[in-house]
Amino acid sequence: MTIKHFLQFRDFTRAEFEHLFERTRVIKQRFKAYQTYHPLVDRTLVMIFEKSSTRTRLSFEAGMQQLGGNAIYLNTRDSQLGRGEPVEDAAQVISRMSDLVMVRTFEQEIIERFAANSRVPVINGLTNEYHPCQILADIYTYIEQRGTIQGKTVAWIGDSNNVCNTWLQAAEVFDFNVHVSTPPGYEVEHERAGLFGANNYEEFADPMDAARGADLVTTDVWTSMGFEAENEERMKDFADWQVDADMMRVAAKDALFMHCLPAHRGEEVAAAVIDGPQSVVWDEAENRLHVQKALMEYLLLGKVDN
Ligand code: CP
Ligand code: NVA
């Protein structure tokens, strides 16, 4: 039997995302009305963190509890993972004691090896290459605020990192455009981004050109987790890639600003933007909870429609 995993954005079809978004709407509405919804009683989620987290841990742990199940947190430091136990062995054991696993790790190859040896669905909670749960929340947030994202333009300013790669995959699934502007030497790597090649993105040398007319402007830290050794060099290389008020002014009049968080005000984003009226970063963060509840429901129970 094939097990459904969510290891990168393109693992799901547009129809599956549309189902997830409809379920997110229902689950969020019930949560806001304090209605108990416990479809996952006796189910256990194991969360493996090889990197730090606030939002991902909190949203998965709280989400699983709110659905009636349990969540167990493991990290590299306190488990045998940090002492060289093969990922294949860890996957065999962990997946015999749980119903669902979320993994935050370094190379995508690690989570793929884990999934290949798992008896239960595996969710990518961020790798060096991708962050699919983040973009699930971001697209839900966009739709909630503005309606369909099809045909719209998203400006990605900064590093072509895991979040950027996932936006590029999502653009192929939902048929929108991404205008990417990175400093020289940090351009999108096509292979690494895992694209089908549908030509949904364009690269701009000048970030102002990328932002011009965009419906959504988004960015992320200049130095992602695991790349700390490059921090000093990146601070210099990315200095002109800050999303500031001038950049928001050239975007569409009703453009939104998003950031996956954590953010560094004065580096990749000006305080006036992230704390300004176009920013939807708190809704975006909250929606991690709701979309991931829909995702866990789908992976464990299939297409529920109650
Ligand atoms: N956006 C996000 O994944 O945040 P955390 O690193 O806090 O989980
Ligand atoms: N690109 C960032 C995202 C953090 C949520 C990182 O990988 O550190």
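Check the entry above for the structure.
Residues numbered from 1 in each chain as written. Chains lettered and ligands numbered in written order. Predicted model: local features only at pLDDT ≥ 70, side-chain atom pairs only at ≥ 80, totals over all residues. Heavy atoms only, no water.

K.L.:
Pulling in residues and values, what's your account of the overall build of the protein?
P.N.:
Within the protein, the secondary structure is distributed over 12 helices and 9 strands. Computed over the C-alpha atoms, the radius of gyration of the protein is 19 Å, within 12% of the 19 Å expected from 2.2 N^0.38 for a compact globule of 306 residues. Sequence-distant contacts in the protein: of pairs separated by 6 or more residues, those separated by 24 or more amount to 74%. As displayed, the protein has an accessible area near 13300 Å², and 48% of this comes from carbon and sulfur atoms. In the protein, 30 positive and 47 negative side-chain charges are present, and the distance between their average locations comes to 7 Å. (Helix = DSSP H or I, 4+ residues; strand = E, 2+ residues; numbered from the N terminus. Rg over C-alpha atoms; globule rule 2.2 N^0.38 Å. Contact = heavy atoms within 4.5 Å. Areas by Shrake-Rupley, 256 points an atom, 1.4 Å probe, with all protein chains shown as cover. Lys, Arg positive; Asp, Glu negative; His and termini not counted. Charge placed at Lys NZ, Arg CZ, Asp CG, Glu CD.)

K.L.:
Help me get a handle on the sheet that holds strand S8 (residues 216-219), residues and values and all.
P.N.:
Taken together, the 5 strands give an open sheet; going across it, the order is S7-S6-S5-S8-S9, and neighbouring strands pair in parallel fashion. Edge strands, defined here as strands with exactly one partner in the open sheet, are strand S7 (201-203) and strand S9 (256-259). For this sheet, the mean inter-axis angle between neighbouring strands, taken without regard to orientation, is 20°. Here 5 bridges tie strand S5 (residues 153-157) to strand S6 (residues 177-181), and the two strands are oriented parallel to one another. Its bridge partner lying in S6, valine 154 is registered against valine 178. The strands touched by helix H6 (residues 162-174) are S5, S6, S7 and S8; relative to S6, the strand with the most contacts, the crossing angle is about 155°. (Pairing = 2+ DSSP bridges. Axes fitted to C-alpha atoms, helices over the stretch in contact; angles between N-to-C directions.)

K.L.:
How would you summarise the site of ligand 2 if you had to cite specific residues and measurements?
P.N.:
Taken together, Leu126, Asn161, Asn162, Asp220, Val221, Ser224, Met225 and Leu261 make up all the residues around ligand 2. In this structure, aspartate 220 approaches ligand 2 through a side-chain N or O atom, which is 2.6 Å from a nitrogen atom. Burial of ligand 2 by the surrounding chains reaches 94%, relative to a free accessible area of 270 Å². (Near = heavy atom within 4 Å. Polar contact = N/O pair within 3.5 Å; in protein donor to acceptor, adjacent residues only side chain to side chain.)

K.L.:
Can you break down the environment of methionine 47 residue by residue, with the values?
P.N.:
On the secondary structure map, methionine 47 appears in strand S1 (residues 44-49). Looking at methionine 47, the relative accessible area reads 0%, which means it is buried. Considering only alpha carbons, one finds methionine 47 and leucine 74, 27 residues apart in sequence, at a separation of 6.0 Å. Discounting chain neighbours no more than four positions away, the residues touching methionine 47 are Arg57, Phe60, Glu61, Ala71, Ile72, Tyr73, Leu74 and Met102. (Buried < 20%, exposed > 50% of the residue type's maximum accessible area, 1.4 Å probe, protein only.)

K.L.:
Describe the nonpolar core, listing the residues and the values that go with them.
P.N.:
Within the largest apolar cluster, 57 residues are counted, with the highest numbers of intra-cluster contacts made by Phe17, Ile123, Ile139, Trp167 and Phe176. Here the element with the most residues in this core is H6; it accounts for 8 residues. If near-sequence neighbours (up to four positions away) are discounted, phenylalanine 17 is found in contact with Phe6, Phe9, Phe12, Leu136, Val173 and Phe174. (Core = buried A, V, L, I, M, F, W, Y, C linked by side-chain atoms within 4.5 Å.)

K.L.:
Tell me about the site of ligand 1, and please be specific about residues and values.
P.N.:
In the vicinity of ligand 1, the contacting residues are Ser53, Thr54, Arg55, Thr56, Arg104, His131, Gln134, Cys260, Leu261 and Arg288. With respect to ligand 1, the backbone of threonine 54 contributes an N or O atom lying 2.7 Å from an oxygen atom. Arginine 55 is positioned with one of its side-chain polar atoms (N or O) 2.8 Å from an oxygen atom of ligand 1. The cavity where ligand 1 resides is the largest pocket. Among the residues forming the shell around ligand 1, the class breakdown is 2 nonpolar, 5 polar and 3 charged. (1 Å grid on protein atoms, 1.4 Å probe; cavity = no way out; pocket = protein on both sides within 12 Å on 5 of 7 lines; lining within 4 Å. Sits in = over half its atoms within 2 Å of the grid points. Nonpolar A, V, L, I, M, F, W, Y, C, P; charged D, E, K, R; others polar.)

K.L.:
Which residues make up the pairing of S5, and what values go with them?
P.N.:
With 5 of its 5 residues buried, S5 lies for the most part within the structure. Each parallel crossover has a hand, and for S5 linked through H6 to S6 it is right-handed. Relative to S8, S5 runs parallel, the two sharing 4 bridges. Looking at S8, one finds that valine 154 is bridged to leucine 216. (Right-handed = clockwise from strand over helix to strand, strands pointing away.)

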